[in-house]
Amino acid sequence: MVTWEQHMPYHPPLVKREYFVAPPPELPVRDYGEEGLSAVQEAQVVAQAAASVTLVATTSAGEELYVDLTAAAEGVVRVRLSAEPAARPTVTRILELVHADSYEHAKVSVECGTVVVDAGPVRAVATLSPWSLRYTDATTKTLVGQNRGERDISTRLRTLPFGRSLVNGEPVAYHESFTCTPDEAFAGFGERFAQLNARGQRPLMWNFDAFGADSIRAYKNVPLYLSSRGYGVLVNSGAPVEFDMAQSTHGVVEIVVPDDVLEYFILAGEPVEILDRYNRLTSPPVLPPKWAFGTWISSGFARDNQQRFTARGATIRERGIPCDVLHLDTYWQVGGSWSDMRWDDANFPEPDKMFDDLEQQGFKVCLWMNPYISHESPVFAVGDERGYFLRNGVGETYVADVWHGYQPDSGIVDFTNPEAREWWKELLRPPLRAGAALYKTDFGEGVPADAVAHNGMTGTELHNVYALLFNDAVCEVTREVHGYDFVWTRSSFVGGQRHSAQWSGDVQTSWAGLGSTIRAGASHGLSGVPFWSHDAGGFNGRPSDDLYVRWAQFGAFSPLLRFHGTKTRDLWEFSDEVERLITQALRLRYHFAPYLYSAAVRSSRSGEPMLRALNVDNPEDPVAWSADQEYRFGRDLLVAPVNDPSGERMVYLPVGKWVDYWTKAVVEGGRYIKTKHGLETFPLFVRYGAIIPTVEPGERIGDGRFTAITLQVWGRPDRGITISDVDGDTVVDVSGDSPVTLVAVGPADIINVEAVDVDGTPSEIRFVRT
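The shown structure was predicted, so the numbers you read here are calculated from the model rather than taken from an experiment.

1. Remarks on the overall build of the chain
Looking only at helices and strands, the chain features 12 helices and 44 strands. Whereas a compact globule of 770 residues would reach a radius of gyration of roughly 27 Å, the chain reaches 27 Å, a difference of no more than 12%. For the chain, the spread of C-alpha atoms along the three principal axes comes to 75 × 70 × 50 Å. Looking at the 770 residues of the chain, the share that counts as buried comes to 63%. For the chain, the proportion of contacts with a sequence separation of at least 24, taken over those separated by at least 6, is 68%. A gap of 3 Å separates the mean positions of the 70 positive and 101 negative side-chain charges of the chain.

Below is the structure:
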């Protein structure tokens, strides 16, 4: 029996109705006593290949469904359940989310009623009668197994086993359930503002305009989760998939997929291995241009003009604030016509000159836009006449309140229409050719469920993947004009790591907003997206001085850093102390620039996060799955942003030795420590034995090679490093004991080795270049 009460819309207590743009559809409710559960009971093999096996299953409803088990890659098993063997997820009508083939070293066996599909590090083991399916590692240790359906004392079925459900004889959703252990932890699902350990949560894969970071709603959903038991699960569907992570029944994970097929992948390994496999299946992360790792300062969500915008750049340089990018938000376009890409000529009469002036000052410029066009714009009339927008049920342009009443209703560009896509791309070319470096691709979560696309997809089917189509188009134009793929986007889905970078949306300016944003970065990193950012200071409102400093310190140790909000974030508009302290944090970021960029290059190659939840490097540590207010930044720094105005917080240090960056004290890990910091500092630790490449901070990172690099040695070095730059990699190995020798091979301009005054640091360190 389908537990449809799980799918009722969310209503907060004591609030009559919370209003959302483009809410998800509700699944139909089966009448009391109506039959409809079709759970797999037994199966028989009908086809066998080198890496796969196909079975016909008999269900509790007397149906025949097809089960396909495939070794899709090393450490990856694909499972598919469908009514037709050729059935595919609906999203494949417009794009492939997952690119899976078969594992050349796979082994498939069928013996004595048991099927084994061996993908090396993971195996699927199916018993045919009665049906059961579990997944093991290479040693045959069970990672996870199906749950056949939990019944309570009243015999009511509380979870949905492997199969599908029908209402009035029509299929409405497929489902799967896994038994989980009492101490099992889960993380992932995209950019989640809730607690990192998702056990007890019910993530719904539906991209919302989340209105901040204060709830379970998310701008970026990824139907991927990682388990503390050494496996991950990826569901291949663009539908509003719902995960019940041991909430309804504490020992069971349930997945409901309202699609034409249930297709999921079991990925084996520790978090870094799972993310590498996920990226190979979906899309590798795209490395942003080097200058993108500098500071971004925005005009804010407020009216601006050419003179003021250009003067902002001059002021930044005069005051010695490190910065590489200026962002110009909505008001560069004609008011009431957003987002038709037309300049507001009254306020920006000479955009070409503006770009030239800022380029002379060493700035790149980012422009805001979104995929909606106001019905009051003359550009809308063109798109409407040609059928370039999503349609409603009667074939008219769907004019939607995508701005929540703040701006005129708009048409939504239909990227399933090739002509509409090319027409819209042509609107994007002139600002890029004039000098804009990239676009901030805002919104993208507003496709209504009842809309109809050019290719026949419903709004429900298109809703989540719309962000991918939107950003793919912008990247294509940017690549054509500038030679690189780069956007600054708010909404995303499976494979969205090809759209670097992503930011956390319209977060509330509050201490709670700061804490939720830290969680979001950790969660999104565990979902395959390494190049992530947030609005330093929060978006909605003006931060207090202490909150602004703390958020800026967090931003300085984030993969990418942008200051943006509804009120000014210009440092000189705050107190002198705020400006000094934030500038100090930015200079620290620029000091670590070679370390930062090397971590970014490594992430682009492996898919591992830059902002690393503690479980990335310590998956065996139960605390690492729940300590979501701190993270490793790269492999060798640990950051715990101050998230309370008192300056006090507990910090968990993983097993091993750590060095307090400020005091140089060596601290033994594997425990919580109590910290208190004034606004000058924050909890920052260096892994004992680390080698950190640094430079003297300048006014920008730019796109040239680093010069005059200093290698800081924090304690007796225990492993080498790779310094990555635009001119290639430099490998620094450690050899010898007394003296310790660092041997460098590669082009990096290393001029100095600094032995940091830490207990155990060798008194003599030699440096050799070969």
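2. As for the pattern of salt bridges
Evaluated as defined, the whole model comprises 49 salt bridges. Across the pair Arg88 and Glu263 runs a salt bridge, and its minimum N-O distance is 3.3 Å. Pair noted here: Arg88 is in the loop between strand E4 (76–82) and strand E5 (107–111) and Glu263 is in strand E17 (residues 262–268), with a separation of 175 residues, a long-range link. The exposure class assigned to Glu263 is buried, which follows from its relative accessible area of 2%. For Asp725, the salt bridge goes to Lys290, with nearest N and O atoms at 2.7 Å. One end of the pair, Asp725, is in strand E40 (residues 721–725); the other, Lys290, is in the loop between helix H1 (271–281) and strand E18 (295–298), and 435 residues separate them in sequence. Pair check on accessibility: Asp725 and Lys290 agree, each one buried. Among the charged side chains, a network of salt bridges with common partners joins Arg602, Glu608, Arg612, Asp617, Arg632 and Arg635.

3. Some points on the sheet that holds strand E22 (residues 399–400)
Spatially, the three strands line up as an open sheet ordered E21-E23-E22, and their pairing is antiparallel. Every other strand in the sheet has two partners, leaving strand E21 (372–374) and E22 as the edge strands with one partner each.

4. Focus: the side chain of Asp329
Within the element layout of this structure, Asp329 appears in the loop between strand E19 (325–328) and helix H3 (351–360). Judged by its relative accessible area of 3%, Asp329 falls in the buried class. Contact partners of Asp329, with chain neighbours within four places excluded, come to Ser299, Gly300, Phe301, Trp368, Lys440 and His564.

5. Here we look at helix H11 (residues 593–606)
Each α-helix winds once per 3.6 residues, and so residues spaced three or four apart point in a common direction. Compared with the 20 Å implied by 1.5 Å per residue over 14 residues, the 20 Å span of H11 between its first and last C-alpha is a close match. Within H11, 12 of the 14 residues are buried, leaving the element largely enclosed by the surrounding structure. Of the positions making up H11, those classed as buried are Ala593, Pro594, Tyr595, Leu596, Tyr597, Ser598, Ala599, Ala600, Val601, Ser603, Ser604 and Ser606. On its buried face, H11 sits against H1, helix H10 (576–591), strand E31 (631–633), strand E32 (637–639), strand E38 (690–694) and E40. At the exit of H11 stands Gly607, carrying a positive phi of roughly 85°.

6. Overview of the packing of helix H2 (residues 306–318) against H3
Packing of H2 against H3 leaves a shortest axis separation of 10 Å and a crossing angle of 5°. The pairing of H2 with H3 is recorded here as roughly parallel in orientation. Across the interface between the two elements, Gln306, Phe309, Thr310 and Gly313 of H2 pack against Pro351, Lys353, Met354, Asp357 and Leu358 of H3.

7. Examining a negative patch on the surface
On the surface, Glu350, Asp352, Asp356 and Glu359 cluster together into a patch of negative charge. The residue Asp352 is located in helix H3 in this model.

8. So, the packing of aromatic side chains
Two measures describe an aromatic ring pair: the distance that separates the ring centres and the angle between the ring planes. Per the stated rule, a full pass over the model turns up 48 aromatic pairs. Seen from their ring centres, Trp368 and Trp403 are 6.0 Å apart, and the 50° between their planes marks the pair as tilted. Taken together, the residues Trp368 in strand E20 (residues 364–369) and Trp403 in the loop between E22 and strand E23 (410–412) connect sequence positions 35 residues apart. With a relative accessible area of 6%, Trp403 lands in the buried category. For the pair Phe415 and Trp424, a centre-to-centre distance of 5.0 Å together with 80° between the ring planes defines the contact as edge-to-face. On the basis of relative accessible area, Phe415 is assigned to the buried category, the value being 4%.

Definitions and limits used
Residues numbered from 1 in each chain as written. Predicted model: local features only at pLDDT ≥ 70, side-chain atom pairs only at ≥ 80, totals over all residues. Heavy atoms only, no water. Helix = DSSP H or I, 4+ residues; strand = E, 2+ residues; numbered from the N terminus. Rg over C-alpha atoms; globule rule 2.2 N^0.38 Å. Buried < 20%, exposed > 50% of the residue type's maximum accessible area, 1.4 Å probe, protein only. Contact = heavy atoms within 4.5 Å. Lys, Arg positive; Asp, Glu negative; His and termini not counted. Charge placed at Lys NZ, Arg CZ, Asp CG, Glu CD. Salt bridge = Lys/Arg side-chain N within 4 Å of Asp/Glu carboxyl O. Pairing = 2+ DSSP bridges. Expected span 1.5 Å × (residues − 1). Axes fitted to C-alpha atoms, helices over the stretch in contact; angles between N-to-C directions. Parallel < 35°, antiparallel > 145°, perpendicular 65-115°, else oblique. Patch = residues over 30% accessible without salt bridge, like charges linked within 9 Å, V, L, I, M, F, W, Y side chains within 5 Å. Areas by Shrake-Rupley, 256 points an atom, 1.4 Å probe, with all protein chains shown as cover. Phe/Tyr/Trp six-rings, centres within 6.5 Å; stacked < 30°, edge-to-face > 60°.

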